[in-house]
Amino acid sequence: MNQTYFRNFTLIGFSSNVEKQPFVFTAFFLVYLVGVVSNLLMIILISTDSHLHTPMYILLCNLAFADICTSTVTLIKLMDILATGNNTISFLQCFTQMFFFILLSDAEIVLLSVMSYDRYVAICKPLHYYIIMNRKKCSLLLVAVWVLGFLNSLPLTCYMSALNVCASNEIPNFYCDFKAMTKIFCTGLGFSIMTYTETLLGGLFPFLLSLMSYYKIITCILRIKSTNGRRKAFSTCVSHLTVLAIFYGTLFCIYAKPTREHAEVLDQLFSIGYTVVTPILNPLIYSLRNKEVKSAMKKVFRDKQINFRVYNEIEKKY
């Protein structure tokens, strides 16, 4: 059956139990709000504090932006479904959502690899850090992150949109996920080649770069003789290592686990972990584990208190 006969797709995730939909909507709305606010706070802190205008925090700022966009791309439509009860999505909306989701996912994978390289330079070559990770190179790396995400997403989305629908138009997830949509489209050799190429360029190479960076980081840390020195060196990368483990852990559970019958529920749960939980955890991990971020937060709140006191004193005088 040709996909042109379908003007809409049906998202069947979280749409079965009508009675619980208001509760689920409230839960997702609050979680989405917390994720957006926490990541926005991270971006504002990094932008306003000159002490945080370093390569690591500029990369972290882009990670926070990607997390906000990922949650927005997926959860806004889900909340609309839960609020209205209309779980249909148009052909154009579906592939637009898919395009941006793949773009953001690929960009985040490459970005985390660049952050791994940044930590490698900071720990293994500290005296040359600002020479190697200068502003020009940092800017070029960020451009490469988003360009690679775009170049991976565009051909895959265009190819998918031209395929024929062999099954029903029901997508077994709460957003137009690439894996879920392969279950309803007729795929062939060309699709398999494109998928493996995209996985190799957008997933495997960046992952291997991260592994290589941390292999060298661990090797370098083990060479440090003092226990205190090893602890300090490891503390500079523990936040990123935690984020890396959570990100690849959820991504692996979604896309790398073997396909089983009635696995849609697990896919949805892992998708929630990737699109909802991870964007909240990232800023929390970096803020709780990072002294510079905590100092910047304290400085902002201290300045706000001072401004509030000055305003009250002026108001009393006049």
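Look up: the structure comes first, before these words.
Residues numbered from 1 in each chain as written. Predicted model: local features only at pLDDT ≥ 70, side-chain atom pairs only at ≥ 80, totals over all residues. Heavy atoms only, no water.

1. Quick look at the overall build of the chain
For the record, the criterion: Strands are runs of DSSP state E lasting at least 2 residues, helices are runs of H or I lasting at least 4, and numbering of each runs from the N terminus. Contact criterion: two residues are considered in contact whenever any of their non-hydrogen atoms come within 4.5 Å of each other.
Assigned secondary structure in the chain consists of 11 helices and 3 strands. Helices (α) and strands (β) of the chain occur, in sequence order from the N terminus, as β-α-α-β-α-α-α-β-α-α-α-α-α-α. For the chain, long-range pairs separated by at least 24 residues make up 78% of all intrachain contacts whose partners lie at least 6 apart in sequence.

2. Details of helix H3 (residues 91-124)
To be explicit about the condition: To estimate how far a helix should reach, multiply one less than its number of residues by 1.5 Å. Residue exposure (1.4 Å probe, protein chains only): buried if accessible area is under 20% of the type maximum, exposed if over 50%, otherwise partly exposed.
Between the first and last C-alpha of H3 there are 49 Å, a value that for 34 residues agrees with the 50 Å anticipated at 1.5 Å per step. Counting buried residues in H3 gives 26 out of 34 residues, a clear majority hidden from the surface.

3. Describing the nonpolar core
Within soluble globular proteins, side chains that are nonpolar generally end up buried alongside one another. Spelled out, the test is: Buried residues of nine kinds, namely Ala, Val, Leu, Ile, Met, Phe, Trp, Tyr and Cys, make up a nonpolar core once their side-chain atoms join them within 4.5 Å.
Counting residues in each nonpolar core, the largest one holds 54 residues, and the members touching the most others are Phe28, Leu63 and Leu75. Of all the secondary-structure elements, those providing two or more residues to this core are helix H1 (21-48), helix H2 (55-84), H3, helix H4 (129-132), helix H5 (135-161), helix H7 (189-223), helix H9 (238-255) and helix H10 (264-289). Of the residues forming this core, the biggest block, 12 residues, is contributed by H2. The next biggest cluster of nonpolar side chains, apart from the first, holds 19 residues, and it includes Phe9, Phe95, Ile102 and Cys176.

4. Re the packing of aromatic side chains
Think of a pair of aromatic rings as described by two things: how far the centres are apart, and how the planes are tilted against each other in angle. Stated precisely, the cut-off is as follows: Put simply, two rings from Phe, Tyr or Trp (the six-membered ring, in Trp's case) pair if the centres are within 6.5 Å, and we call them stacked under 30 degrees between planes, edge-to-face over 60, tilted for the rest.
According to the stated counting rule, one finds 13 aromatic pairs in the structure shown. On the basis of an interplanar angle of 70° and a centroid distance of 6.2 Å, the ring pair of Phe9 and Phe95 is categorised as edge-to-face. Taken together, the residues span a long stretch of sequence, with Phe9 in strand E1 (residues 8-11) and Phe95 in helix H3 at a distance of 86 residues. Taken as a pair, Phe9 and Phe95 share a single burial class, namely buried. With a centroid separation of 6.2 Å and an interplanar angle of 15°, the aromatic rings of Phe25 and Phe29 are classed as stacked. Of this pair, Phe25 and Phe29 both sit in helix H1, 4 residues apart, which is roughly one turn of the helix. Each member of the aromatic cluster is reached from another via a ring pair, and the members are Phe9, Phe91 and Phe95.

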